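Structural characterization, general
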Amino acid sequence: MSNSIPLSQPDITDLEIRYVTDTLRSGRLALGPRMAEFEELVALRAARTHGVAVNSGTSGLQLALLALGVGPGDEVITPAFSFVASANCILHVGAKPVFADCDPGTLNVRPESIEALITEKTKAIIAVDVFGNPAYMAEIEALANRHEIALVEDCCEGLGGAVKNRPIGSFGRVGVFSFYPNKQVTTGEGGVIVTDDDALAGMCRSLRNQGRAADNRESGPGLGSWLVHERVGYNYRMCELQAALGVAQMERLDDIIDTRHLLAEKYNSRLVTNPHLILPTIERETRMSWFVYVVRLNDQFDGTDRDEIIAGLRRHEIGASNYFPPIPLLPFFRKTYGYKPGDFPMAETMSQRTIALPFYNAMTDYEVDLVCQTLELMIQRVTFSRN
Ligand SMILES: *Cc1c(COP(=O)(O)O)cnc(C)c1O
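Attention here is on the structure that accompanies the text. Bear in mind that the values here come from a model prediction, so they are computed numbers and not experimental data. (Residues numbered from 1 in each chain as written. Predicted model: local features only at pLDDT ≥ 70, side-chain atom pairs only at ≥ 80, totals over all residues. Heavy atoms only, no water.)

What to know about the overall build of the chain
Scanning the chain from terminus to terminus reveals 13 helices and 13 strands. Over its C-alpha trace the chain gives a radius of gyration of 21 Å, about what one expects of a compact globule, namely 21 Å for 387 residues. Along the longest, intermediate and shortest principal axes, the C-alpha atoms of the chain span 75 × 55 × 40 Å. Taking all 387 residues of the chain together, 56% fall into the buried category. Counted over contacts in the chain with a minimum sequence separation of 6, partners at least 24 positions apart contribute 72%. Put simply, the chain shows about 16,500 Å² of open surface, and 53% of that area lies on carbon and sulfur atoms. Between the averaged position of the 37 positive side-chain charges in the chain and that of its 48 negative side-chain charges there is a distance of 3 Å. (Helix = DSSP H or I, 4+ residues; strand = E, 2+ residues; numbered from the N terminus. Rg over C-alpha atoms; globule rule 2.2 N^0.38 Å. Buried < 20%, exposed > 50% of the residue type's maximum accessible area, 1.4 Å probe, protein only. Contact = heavy atoms within 4.5 Å. Areas by Shrake-Rupley, 256 points an atom, 1.4 Å probe, with all protein chains shown as cover. Lys, Arg positive; Asp, Glu negative; His and termini not counted. Charge placed at Lys NZ, Arg CZ, Asp CG, Glu CD.)

Some remarks on the pattern of salt bridges
All chains considered together, the criterion is met by 18 salt bridges. Of the charged contacts, one joins Arg208 and Glu39 as a salt bridge, the two residues approaching to 2.8 Å between their closest N and O atoms. Taken as a pair, Arg208 in helix H7 (residues 198-208) and Glu39 in helix H2 (residues 33-45) lie far apart in primary sequence, 169 residues in all. Given a relative accessible area of 2%, Arg208 falls into the buried group. A residue is classified by how much of its surface remains accessible, and Glu39, at 6% relative accessible area, is buried. Taken together, the salt bridges that share partners define one network made up of Asp11, Glu16 and Arg252. (Salt bridge = Lys/Arg side-chain N within 4 Å of Asp/Glu carboxyl O.)

A closer look at the packing of helix H9 (residues 253-271) against helix H13 (residues 365-386)
Look at H9 against H13: their axes get within 10 Å of each other, and the N-to-C directions meet at 40°. One element, H9, and the other, H13, form an angle in the oblique class. H9 and H13 meet at a crossing whose hand is right-handed. Residues Leu263, Lys266, Tyr267, Arg270 and Leu271 of H9 pack against Asp365, Val368, Asp369, Val371, Cys372, Gln373, Leu375 and Glu376 of H13. For the contact of H9 with H13, the class distribution of residues is seven nonpolar, one polar and five charged. (Axes fitted to C-alpha atoms, helices over the stretch in contact; angles between N-to-C directions. Parallel < 35°, antiparallel > 145°, perpendicular 65-115°, else oblique. Left-handed = near helix turned anticlockwise from the far one by under 90°. Nonpolar A, V, L, I, M, F, W, Y, C, P; charged D, E, K, R; others polar.)

Side note on the sheet that holds strand E12 (residues 293-297)
Read from one edge of the open sheet, three strands run E10-E12-E13, paired in antiparallel fashion. Each edge of the open sheet is held by one strand with a lone partner, namely strand E10 (277-278) and strand E13 (354-357). Of the pairings in the sheet, the one linking E12 to E13 comprises four bridges and is antiparallel in character. Bridge assignment links Arg296 to a residue of E13, and that residue is Thr354. Lying over the sheet, helix H10 (residues 303-315) contacts E12 and E13, oriented at roughly 15° with respect to E13. In this fold H13 packs onto E10, E12 and E13, with an angle of close to 155° to the strand it touches most, E13. (Pairing = 2+ DSSP bridges.)

A few points about H7
Inspection of H7 places Leu200, Ala201, Cys204, Arg205, Ser206, Leu207 and Arg208 among the buried residues, and these make up the whole buried set. Those residues of H7 that are buried lie in contact with H2, strand E1 (50-54), helix H3 (57-67), strand E8 (174-178) and strand E9 (191-195). Capping the start of H7 is the job of one residue whose side-chain oxygen sits 3.0 Å from the backbone nitrogen of Ala199: Asp197. With its phi angle positive at about 60°, Gln210 sits one or two positions after the end of H7. (Polar contact = N/O pair within 3.5 Å; in protein donor to acceptor, adjacent residues only side chain to side chain.)

A short note on the environment of Val176
Summarising the element assignment, Val176 is placed in strand E8. In this structure, the C-alpha to C-alpha distance between Val176 and Lys96, residues 80 residues apart in sequence, is 20 Å. Sequence-distant contacts of Val176, defined by excluding residues within four places in its chain, comprise Gly57, Gly60, Leu61, Ala64, Glu153, Asp154, Cys155, Cys156, Val192 and Ile193.

What to know about the sheet that holds strand E11 (residues 286-287)
Pairing is antiparallel in the open sheet, where three strands are placed in the order E7-E6-E11. Each edge of the open sheet is held by one strand with a lone partner, namely strand E7 (166-167) and E11.

Overview of the site of the ligand
Surrounding the ligand, one finds 15 residues, the nearest of these being Gly57, Thr58, Glu157, Ser178 and Lys183. Between Gly57 and the ligand, the recorded distance is 2.8 Å, taken from a backbone N or O atom to an oxygen atom. Between an oxygen atom of the ligand and a side-chain N or O atom of Thr58, the distance comes to 2.5 Å. Isolated, the ligand exposes 380 Å² of accessible area, and the fraction of that covered by the protein chains is 92%. Ranked by residue count, the leading element in the shell around the ligand is H3, at three residues. Classifying every residue of the shell around the ligand by side-chain character gives six nonpolar, six polar and three charged. (Near = heavy atom within 4 Å.)

Notes on the side chain of Glu348
Mapped onto the elements, Glu348 comes out in helix H12 (residues 345-351). For Glu348, which is buried and forms no salt bridge, the nearest opposite charge comes from Arg334, at a distance of 7.4 Å. Once you skip the residues sitting within four places of it in the chain, Glu348 turns out to touch Pro326, Leu329, Lys340, Pro341, Gly342 and Asp343.

Next comes the structure, spelled out in structure tokens:
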């Protein structure tokens, strides 16, 4: 056994193991009852009528954009400060990403920053609940409606959160959740598209299943139609093993989220007195669902200091990461669109000072303390070596 403290770790109990084992024994490994059940549980949590399970959050975003008719010649507004998938999905459908800078407090994109980027080519807006902190969804939804532009909620980091008692995933035409192992809830790999739009859900079901008519199953009533492909689709299906795991996780969702809240509070109360650190900002009327715990160094530190602190934590076998570098400054986006340092001042400044700390449900008080002590020691060291 190693003493290392990982950045994240899934919360798996005997329930998950039992459900997956039962599915293995059932002999039905794809397009079965567990997928339908999982879809329903996720849709319910997002107060949506449809859930469409897919093999990742990224493929869910791609299908959502395709089903909305986004394609070449269109522009889609998306955050500069986010995980790369919220921009890649736009490239996957041949459209152009237009990046919005973030608010320095919440790290989410403010509605004004989106509105300033709307042109006659804007076909959709992707709003991201960064780190599980609900974006300004009600306001963004209103502006999307005013401009008659489709809103996609990339809620891949926000399952279980809410704004003014409206759940994350319920905003805009369509929302997409991810179930990668570092998210609040996992299926190993996986995603779910949620929407109230029957036609859009049907299109996503068809596209994930090789362009077959929606909900076509190998041994379903439509005998012979399994090989009728109405359109060019993908194999983006979620298998029954993944869905069985997801059903167990969804049954435990409230517990999982509550445990993460307590853990975040432990970090907050332990670090709040440190003058070098800025703790996560949560706006009133929002219920955060903690995806990761990210602190920020104050403006006396730069990117080199931050990288040294992360390297120091890692030397002590403590997982830490620089969530996130600004997407437009990643090599592909620089090369293709000519973005350069200075184009997204907030995202750049913030992203040079963020540190994601270990955050998982099995974390003990001792581990939280050890992480905080080591973090403070590394900050001191950087401060001393400077003077
Ligand atoms: C995790 C994540 C995704 C993609 O999810 P995958 O399931 O890993 O494909 C998309 N957007 C954001 C903001 C994410 O954090």
